[in-house]
Amino acid sequence: MSSPDPQVRAARNKSDRPSSDHHPSTTALRAGRTPAARGPVVAVTGAASGVGALLTGRLAASEEVKRVVAIDERRGECTEAQWHILDVRDPAIADKLRGADAVVHLALDLDLETDAAARTAYNVRGTQTVLTAAAAAGVHRVVLCTSTMVYGALPDNELPLSEDAELRATAEATGVGDLLEIERLARRAPRAHPGLNVTVVRPAVLVGGTDTALTRYFESPRLLVVAGSRPAWQFCHVDDLCSALEYAVLEKVDGELAVGCDGWLEQEEVEELSGIRRMELPSAVALGAAARLHRIGLTPSPAGDLAYTMYPWVVSGSRLHDAGWRPAYTNEEVLAELLEEVSGRHTVAGRRLGRKDATAAGAAGATVALLGAAAVVRRARKTRRRI
């Protein structure tokens, strides 16, 4: 999944600029590699960055894949792929998908800073268009990527949840409403388009060049713990997500798939491994403050994001395991990589702080820092109004 950067957003609705110089068979022959004579032709949307770029490179290097068609609003770095530059909401995408056996749709905007209405319009319309275009182009398999967040973080969740568990999430957390709608589209598509197979892959907390409310949780000077809650942490490395997506593309597994590290970490284990102490707050205080700060625009994360740090939403991943897939990373290893990635960043309540604010946050604790961050933003707004 890739969140479009400002250059990508500015490039939306521009015309397609394919180039024969980047046709995979030409590039492969130049490199002395013979293109796969058999295997599927796979299209990847959102192929220029994030998970899409990693998957595109992985599939292009696979001897089990005949050809990779890369679709995005700008050209990526994988020269072995055949590139098409266009917005996934453009119905013309159907022409670019002709001849493909499978499509992996990763053109999603889950950026915390994106306007919520614009984000939903892009994510839902894009998925609708890709599903319809794939059916029209004769593609027989579409792979969608959501998140295990769709199961919901609830105090009565089993540990672990079955992949067939009811999706009980609400639209109160960042992007989860979009993901739930994508899940609904996935279930309706085979009925609307007989012969179209739709596989949904749901990663746990994704780590590896990602920026989400859950990865920002580990940028805080203290780990906020809501009193009486029962957190359980399960991570997914982007490399493991890409290998699971490849399994789905190659038809080694079907259905709704959860992907992540085996098992989970209790909150106490996370604190011990990270060396970050907790700041425990009553539920009413934590949720009330988060809701107010988000409502007045001081933090990007709505109060609904907190639920995923309060209650378990760990999944078993049994379907992938039964198909022979195994994660290459453990929860401990992924947490260590996450901590290395966020080193030097300072976030409170989902809002990134400058170095000066972060020093105060470390000294005063999460609650004081939260209020201090609000005061800093208010002062900045007053200054801008005077200018």
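Let us look at the structure shown here. (Residues numbered from 1 in each chain as written. Predicted model: local features only at pLDDT ≥ 70, side-chain atom pairs only at ≥ 80, totals over all residues. Heavy atoms only, no water.)

Taken together, the seven strands give an open sheet; going across it, the order is S3-S2-S1-S4-S5-S6-S11, and neighbouring strands pair in parallel fashion. In this open sheet, the two strands that pair with only one neighbour each are strand S3 (82–85) and strand S11 (256–259). On average, each strand axis in the sheet is tilted by 20 degrees relative to the strand beside it, whichever way the strands run. Those strands touched by helix H3 (residues 50–61) are strand S1 (41–45), strand S2 (67–72) and strand S4 (102–105), and its axis lies near 165 degrees from that of S1. Each of S1, S4, strand S5 (141–145) and strand S6 (197–203) is contacted by helix H5 (residues 116–136), which is oriented at about 180 degrees to S4, the strand it contacts most. (Pairing = 2+ DSSP bridges. Helix = DSSP H or I, 4+ residues; strand = E, 2+ residues; numbered from the N terminus. Axes fitted to C-alpha atoms, helices over the stretch in contact; angles between N-to-C directions. Contact = heavy atoms within 4.5 Å.)

Here the focus is unusual backbone geometry. A negative phi holds for most residues other than glycine; trans holds for most peptide bonds. The omega torsion of the bond from Leu-159 to Pro-160 falls at -5 degrees, within 30 degrees of zero and hence cis. Take Pro-160: it is sitting in the loop between S5 and helix H6 (176–192). The backbone phi angle of Glu-251 is positive, close to 60 degrees, even though this residue is not glycine.

Further remarks concern the environment of Pro-194. By secondary structure assignment, the location of Pro-194 is in the loop between H6 and S6. Judged by its relative accessible area of 73%, Pro-194 is exposed. Sequence spacing of Pro-194 and Ala-135 is 59 residues, and the spatial spacing of their C-alpha atoms is 8.6 Å. (Buried < 20%, exposed > 50% of the residue type's maximum accessible area, 1.4 Å probe, protein only.)

According to the stated counting rule, one finds six aromatic pairs in the structure shown. Centroid distance Phe-218 to Trp-233: 5.1 Å. Interplanar angle 65 degrees. Geometry classified as edge-to-face. Pair noted here: Phe-218 is in the loop between helix H7 (213–216) and strand S8 (223–226) and Trp-233 is in strand S9 (residues 232–233), with a separation of 15 residues, a long-range link. With relative accessibility at 2%, the residue Phe-218 sits in the buried group. Between Tyr-308 and Trp-313 the ring centres are 5.0 Å apart and the planes differ by 85 degrees, which places this aromatic pair in the edge-to-face class. For Tyr-308, a relative accessible area of 4% corresponds to the buried category. (Phe/Tyr/Trp six-rings, centres within 6.5 Å; stacked < 30°, edge-to-face > 60°.)

Taken N-terminus to C-terminus, the directions of H5 and H6 make an angle of 15 degrees; their axes are 10 Å apart at the nearest point. Taken together, H5 and H6 sit at an angle that is classed as roughly parallel. Viewed along their axes, H5 and H6 form a crossing whose handedness is right-handed. Residues Arg-119, Thr-120, Asn-123, Val-124, Thr-127, Gln-128 and Leu-131 of H5 pack against Asp-178, Glu-181, Ile-182, Leu-185 and Ala-189 of H6. When grouped by side-chain class, the residues that make up the contact of H5 with H6 number five nonpolar, four polar and three charged. (Parallel < 35°, antiparallel > 145°, perpendicular 65-115°, else oblique. Left-handed = near helix turned anticlockwise from the far one by under 90°. Nonpolar A, V, L, I, M, F, W, Y, C, P; charged D, E, K, R; others polar.)

As a further point, take a negative patch on the surface. Residues Glu-266, Glu-269, Glu-272, Glu-332 and Glu-333 make up a contiguous surface patch of negative charge. Mapping Glu-333 onto the fold places it in helix H12 (residues 331–342). (Patch = residues over 30% accessible without salt bridge, like charges linked within 9 Å, V, L, I, M, F, W, Y side chains within 5 Å. Areas by Shrake-Rupley, 256 points an atom, 1.4 Å probe, with all protein chains shown as cover. Salt bridge = Lys/Arg side-chain N within 4 Å of Asp/Glu carboxyl O. Lys, Arg positive; Asp, Glu negative; His and termini not counted. Charge placed at Lys NZ, Arg CZ, Asp CG, Glu CD.)

Moving on, we come to the nonpolar core. In this structure, Ile-93, Leu-97, Phe-218, Trp-233, Phe-235 and Tyr-308 are the most contacted members of the largest nonpolar core, which totals 63 residues. Looking at this core, the element that brings in the most residues is H6, giving seven residues. Excluding residues within four positions of it along the chain, Ile-93 makes contact with Thr-45, Ile-71, Leu-86, Val-88, Thr-129, Val-130 and Ala-133. Counting residues in hydrophobic clusters, the runner-up holds 38 residues, among them Val-44, Val-238, Leu-245 and Val-249. (Core = buried A, V, L, I, M, F, W, Y, C linked by side-chain atoms within 4.5 Å.)

Let us look at the pattern of salt bridges. Within this structure, the stated rule accounts for 18 salt bridges. It is possible to trace a salt-bridge network through shared partners that takes in Glu-183, Arg-187, Arg-202 and Glu-256.

Another point: the environment of Pro-203. Looking at the element boundaries, Pro-203 is found in strand S6. Residues Pro-203 and Ala-258, spaced 55 residues apart in sequence, show a C-alpha to C-alpha distance of 5.8 Å. Those residues in contact with Pro-203 that lie beyond four places of it in its chain are Cys-145, Thr-146, Ser-147, Thr-148, Cys-236, Leu-241 and Val-259.

Shape is all these values report; function is a separate question.
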